[in-house]
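Structure at a glance
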Amino acid sequence: MRLWLPYGLQNVGGIGQILVNRYYKPVGLDSKEWVKYEEYPRLMTNVTADAMKLFSHSETGQGHLYGLSPWRSRKAAQDYLGRLQALRSVLR
């Protein structure tokens, strides 16, 4: 689950952001090696700070989709799914 569930958008040095998993690797990437996000240009997006607040788990608007792991409780899972839907609407 930690590989495939989006954890957040990671800023990539002024280029934009990339959707990462809990290990801060591109979603779905099963690697323990250091990853250069720039090598995944097709996964890049450019979401504004205001749009990030729509799906972030806290008031900080840092682009993270969950604080509590979604597999810990039904409430955490429902909150996470709501933030995923908000992220999807931002990425369209």
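Our subject in this report is the structure included herewith. Quantities reported herein were computed from a predicted structural model and do not represent experimental measurements.

As a further point, take the pairing of strand β2 (residues 16-20). The buried count for β2 comes to four of five residues, which makes it a mostly enclosed element. In the sheet, strand β1 (residues 8-12) pairs with β2 via five bridges, with the strands oriented antiparallel. Looking at the pairing, Gln 10 lines up with Ile 18 of β2. Hairpin connection, β1 to β2: the antiparallel pair is bridged by three residues, and Gly 13 has positive phi, about 20 degrees. Where β2 and strand β3 (residues 44-45) come together, two bridges link them in antiparallel fashion. Bridge assignment links Gln 17 to a residue of β3, and that residue is Thr 45.

For the α-helix, the turn length of 3.6 residues means that residues three or four positions removed from each other point alike. Under the 1.5 Å per step criterion, the end-to-end length of helix α2 (residues 74-91) is 26 Å for 18 residues, consistent within 8% with the ideal 26 Å. Residues of α2 that are buried: Ala 76, Tyr 80, Arg 83, Ala 86 and Leu 87. Relative to the axis of α2, the buried residues are bounded by an arc of 120 degrees and lie together on one face. Set apart from the buried face of α2 by more than 90 degrees, the exposed residues are Arg 74, Gln 85 and Arg 88. Packed against the buried residues of α2 are β1, β2 and α1 (49-55).

This brings us to the nonpolar core. Taken as a class, soluble globular proteins show a tendency for nonpolar side chains to be buried jointly. With 12 residues, the main nonpolar core is built from Leu 5, Tyr 7, Leu 9, Val 47, Ala 51, Met 52, Phe 55, Leu 65, Tyr 66, Tyr 80, Ala 86 and Leu 87. Counting only elements with at least two residues in this core, the list comes to α1 and α2. With residues up to four places along the chain from it excluded, the contact list for Tyr 80 reads Leu 5, Pro 6, Leu 65, Tyr 66 and Pro 70.

In the structure shown here, the tally under the stated rule is four aromatic pairs. Where Tyr 7 meets Tyr 24, the ring centres are 5.6 Å apart and the plane angle is 80 degrees; that geometry is what we call edge-to-face. Placement of Tyr 7 in the segment before β1 and of Tyr 24 in the loop between β2 and β3 is noted, with a sequence separation of 17 residues between them. Residue class for Tyr 7 comes out buried when judged on its relative accessible area of 9%.

For the rest of this paragraph, the subject is the environment of Ser 73. Within the secondary structure layout, Ser 73 lies in the loop between α1 and α2. Overall, Ser 73 belongs to the partly exposed group, its relative accessible area being 34%. For the pair formed by Ser 73 and Arg 83, sequence separation is 10 residues and the distance between their alpha carbons is 16 Å. In this structure the side chain of Ser 73 is engaged in a polar contact, spanning 3.1 Å, whose partner is the backbone nitrogen of Ala 76.

Cut-offs used in this document
Residues numbered from 1 in each chain as written. Predicted model: local features only at pLDDT ≥ 70, side-chain atom pairs only at ≥ 80, totals over all residues. Heavy atoms only, no water. Buried < 20%, exposed > 50% of the residue type's maximum accessible area, 1.4 Å probe, protein only. Helix = DSSP H or I, 4+ residues; strand = E, 2+ residues; numbered from the N terminus. Pairing = 2+ DSSP bridges. Expected span 1.5 Å × (residues − 1). Arc of directions from axis to C-beta. Contact = heavy atoms within 4.5 Å. Core = buried A, V, L, I, M, F, W, Y, C linked by side-chain atoms within 4.5 Å. Phe/Tyr/Trp six-rings, centres within 6.5 Å; stacked < 30°, edge-to-face > 60°. Polar contact = N/O pair within 3.5 Å; in protein donor to acceptor, adjacent residues only side chain to side chain.

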